[in-house]
Amino acid sequence: MMDLLGYGAFFLTTALIFSLVTLGLNLQWGLTGLFNVGLAGFVAIGAYTSALLTTPDDAARLGGFDLPILVGWLGAMLVGGIAAAITGIATLRLRSDYLAITTFGVAVVVQLVALNAQKLTGGPFGIGFIPRPFGSLAETPLLFNLSNLAVVSVATLIVYLALEHLSRSPWGRVLKALREDERAAISLGKSARFYRVQAFAVGGAIMALAGALQAHFTGFIAPDNYLPALTFQVWVMLIVGGSGSNLGAVIGSILVWAIWAGSGALTSVLFSPEQQARAASLQIVAIGVMLCVILLVRPNGLFGDRPRRAGFGKRAKEAPGESIAKS
């Protein structure tokens, strides 16, 4: 029973870290309409930044400033936000598939730098001995996992409430208007590029925070942790939960991660060790089937934005331009 509770806490901690990445993506895509498929790069930036700031001094590489963990997390958000802002300034003139190709290229560059800059990132060997919150409880897995779950839950709740507030603020209404009708927003004096760069930077900072939390939760990071499969997982989580919904981003992350982890455990039971490498592809199949079913039943996802019909005698929904004018 204790082992089951410990695994449940471990599972929820991992799922909530994914939900942070999905919340950042939801701000960029669901709220603003920015097609970012390079999110693995910003997660990696956050993980490596926090690791370099908080690990002990190591003669084999740069960094190792041995700073507190909280400083590492704040530094990860700062560096991730700046990197996302620079990427946004350089690429947000592009649209749809061209923006997707460019952001994917940014993620590939980050992963290759992490793989080859051995004096900075440890190269393919990664960075170990990353300090873990409540590391003194590591010998008691249940207490350790519950303590980390509490920390990640608080971080996720803070980000969730902040994004909920921002989405309802004048700033959030401008982002929605740019997503729905850019010309109408620009005609009312709103700078499309300025607001898009802001949204891209905030989303990148949230993704970097998720990377930092994951690095300190596991205690080790390597370039193989930030392959394109991570981007695929997070996009599926957002689509399943519902683009445009912060609650959907969290629930979708937990649901997809449950299917991913469950299918992995099932293949390890049903297949022999010699066949498990091939059977691992069944995880992708399981996610694909689930995605098809949900899109057939709920095309906008579980909690996605659905068009609302104005009732008889009630005022119709405001047009995007009207909501901007009020802001």
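Going by the structure above, here's the rest.
Just so it is clear, the structure is predicted and the values come from calculations on it, not from any experiment.

A separate point is the overall build of the protein. When helices and strands are counted, the protein shows 14 helices and zero strands. Scanning the protein from its N terminus toward the C terminus, one meets helices and strands in the order α-α-α-α-α-α-α-α-α-α-α-α-α-α. Against the 2.2 N^0.38 benchmark of 20 Å for 327 residues, the protein shows a C-alpha radius of gyration of 21 Å, consistent with a compact globule. Its C-alpha atoms put the protein at 65 × 45 × 35 Å along the principal axes. For the protein, the residues scored as buried account for 48% of the 327 residues in total. For the protein, restricting intrachain contacts to residue pairs at least 6 apart in sequence, the fraction spanning at least 24 positions comes to 76%. Averaging the positions of the 22 positive and the 15 negative side-chain charges in the protein gives two centres separated by 13 Å.

With that settled, the discussion passes to helix 4 (residues 96-116). Taking 1.5 Å of rise per residue, 21 residues should cover 30 Å, and helix 4 covers 31 Å from first to last C-alpha, within 8% of that figure. Every buried residue belonging to helix 4 is among Leu-99, Ala-100, Thr-103, Ala-107, Val-110, Gln-111 and Ala-114, and all of these are buried. Down the axis, helix 4 shows its buried residues gathered within 110° of arc, on one side only. Away from its buried face, by an angle of more than 90 degrees, helix 4 presents the exposed residues Tyr-98, Ile-101 and Asn-116. For helix 4, the secondary structure elements touched by its buried residues are helix 2 (39-54), helix 3 (69-91), helix 5 (118-121) and helix 9 (192-218).

Bringing the nonpolar core into the picture now. Residues Ile-221 and Tyr-226 are the most contacted members of the largest nonpolar core, which totals 82 residues. Among the elements that line this core, the one with the most residues is helix 9, at 14 residues.

Let us now look at the side chain of His-216. Locating His-216 in the fold gives a position in helix 9. Overall, His-216 belongs to the buried group, its relative accessible area being 0%. Among the polar contacts made by the side chain of His-216, one reaches the side chain of Ser-50 at a distance of 2.6 Å. With residues up to four places along the chain from it excluded, the contact list for His-216 reads Ser-50, Thr-54, Ile-69, Trp-73, Ile-130, Pro-131, Arg-132 and Pro-133.

This part covers the packing of helix 6 (residues 141-168) against helix 9. The angle between the axes and the distance between the axes are what describe a pair of packed helices. At their nearest, the axes of helix 6 and helix 9 sit 12 Å apart, and the two run at 175° to each other. Viewed along their axes, helix 6 and helix 9 adopt a mutual orientation that is roughly antiparallel. Contacts between helix 6 and helix 9 involve Phe-144, Asn-145, Asn-148, Ala-155, Val-159 and Leu-163 from the first element and Ile-206, Leu-209, Leu-213 and Phe-217 from the second. Looking at the contact of helix 6 with helix 9 residue by residue, the classes come out as eight nonpolar, two polar and no charged.

Calculation criteria
Residues numbered from 1 in each chain as written. Predicted model: local features only at pLDDT ≥ 70, side-chain atom pairs only at ≥ 80, totals over all residues. Heavy atoms only, no water. Helix = DSSP H or I, 4+ residues; strand = E, 2+ residues; numbered from the N terminus. Rg over C-alpha atoms; globule rule 2.2 N^0.38 Å. Buried < 20%, exposed > 50% of the residue type's maximum accessible area, 1.4 Å probe, protein only. Contact = heavy atoms within 4.5 Å. Lys, Arg positive; Asp, Glu negative; His and termini not counted. Charge placed at Lys NZ, Arg CZ, Asp CG, Glu CD. Expected span 1.5 Å × (residues − 1). Arc of directions from axis to C-beta. Core = buried A, V, L, I, M, F, W, Y, C linked by side-chain atoms within 4.5 Å. Polar contact = N/O pair within 3.5 Å; in protein donor to acceptor, adjacent residues only side chain to side chain. Axes fitted to C-alpha atoms, helices over the stretch in contact; angles between N-to-C directions. Parallel < 35°, antiparallel > 145°, perpendicular 65-115°, else oblique. Nonpolar A, V, L, I, M, F, W, Y, C, P; charged D, E, K, R; others polar.

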